[in-house]
Amino acid sequence: MRPLIAGAGEHDLFKARFTEEGTITYEPSLRTFAFRVLIPAGEEDTEDLVMGQAEELAAAAIRKLGGEYRDLRSVTTDLSKIKVKRKGR
């Protein structure tokens with residue numbers, strides 16, 4: 001766990017930058033982490049399928065950093081359903 005604690009500054013929420021591989025953030029306490037990734041999905045892809053892909057990527061990212069996890073909880077957002085209010089319309 002020491003490598004995770006030592007690298008916590010690189011994974012701080014306020015310093016994080018989105019990457020194609022996904023972005024992992026966590027605090028030095030190592031109690032929780034967040035993993036954000038964009039997974040393009042087609043009409044035939046189910047939410048469960050996409051969520052499964054995201055969870056596999058999150059697990060791999062944690063293992064790559066030398067960490068472990070349990071009680072994984074996930075949230076999805078379908079970007080095609082987000083309505084954007086534009087000013088001046």
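Residues numbered from 1 in each chain as written. Predicted model: local features only at pLDDT ≥ 70, side-chain atom pairs only at ≥ 80, totals over all residues. Heavy atoms only, no water.

Novice: So, the layout of surface pockets: which residues are in play, and what are the values?
Specialist: Sizing a probe to match a water molecule and rolling it over the atoms shows the empty space that remains. In this structure, the largest pocket encloses a volume near 1600 Å³. Around the largest pocket sit 41 residues that line it, and Phe35, Met51, Ala54, Ser74 and Val75 are the ones nearest its centre. Elements that contribute at least two residues to the lining of the largest pocket include exactly β2 (33-36) and α2 (47-64). Counting residues per element, the lining of the largest pocket draws most heavily on α2, at 7 residues. Its residues assigned to classes, the lining of the largest pocket shows 22 nonpolar, 7 polar and 12 charged. Size it by volume and the second largest pocket reaches roughly 340 Å³. Taken together, 16 residues form the lining of the second largest pocket, with Glu21, Gly22, Ile24, Ala61 and Lys64 sitting closest to its centre. The element that contributes the greatest number of residues to the lining of the second largest pocket is α2, accounting for 4 residues. For the lining of the second largest pocket, the per-class residue count stands at 7 nonpolar, 4 polar and 5 charged. (1 Å grid on protein atoms, 1.4 Å probe; cavity = no way out; pocket = protein on both sides within 12 Å on 5 of 7 lines; lining within 4 Å. Points joined across faces, edges and corners; volume = space filled by probe spheres on them. Helix = DSSP H or I, 4+ residues; strand = E, 2+ residues; numbered from the N terminus. Nonpolar A, V, L, I, M, F, W, Y, C, P; charged D, E, K, R; others polar.)

Novice: Before we move on, could you go through α2 and cite the residues and values that matter?
Specialist: For α2, which comprises 18 residues, the first-to-last C-alpha distance of 26 Å matches the rise-based estimate of 26 Å (1.5 Å per residue) to within 8%. Taken as a whole, α2 has its buried residues at Val50, Met51, Ala54, Ala58, Ala59, Ala61 and Ile62. Buried residues belonging to α2 abut β1 (23-26) and β2. Directly beyond the C-terminal end of α2, a positive phi value near 90° is found at Gly66. (Expected span 1.5 Å × (residues − 1). Buried < 20%, exposed > 50% of the residue type's maximum accessible area, 1.4 Å probe, protein only. Contact = heavy atoms within 4.5 Å.)

Novice: With reference to specific residues and values, describe the pattern of salt bridges.
Specialist: Overall, the coordinates contain 2 salt bridges when judged by the stated rule. Note that Asp71 is salt-bridged to Arg70, the shortest N-O span being 3.6 Å. Just as Asp71 is exposed, Arg70 falls in that class too. Ionic pairing is found between Lys81 and Asp78, a salt bridge with its closest N-O pair at 3.9 Å. Judged by its relative accessible area of 66%, Lys81 is exposed. Look at Asp78 and you get partly exposed, because its relative accessible area is 39%. (Salt bridge = Lys/Arg side-chain N within 4 Å of Asp/Glu carboxyl O.)

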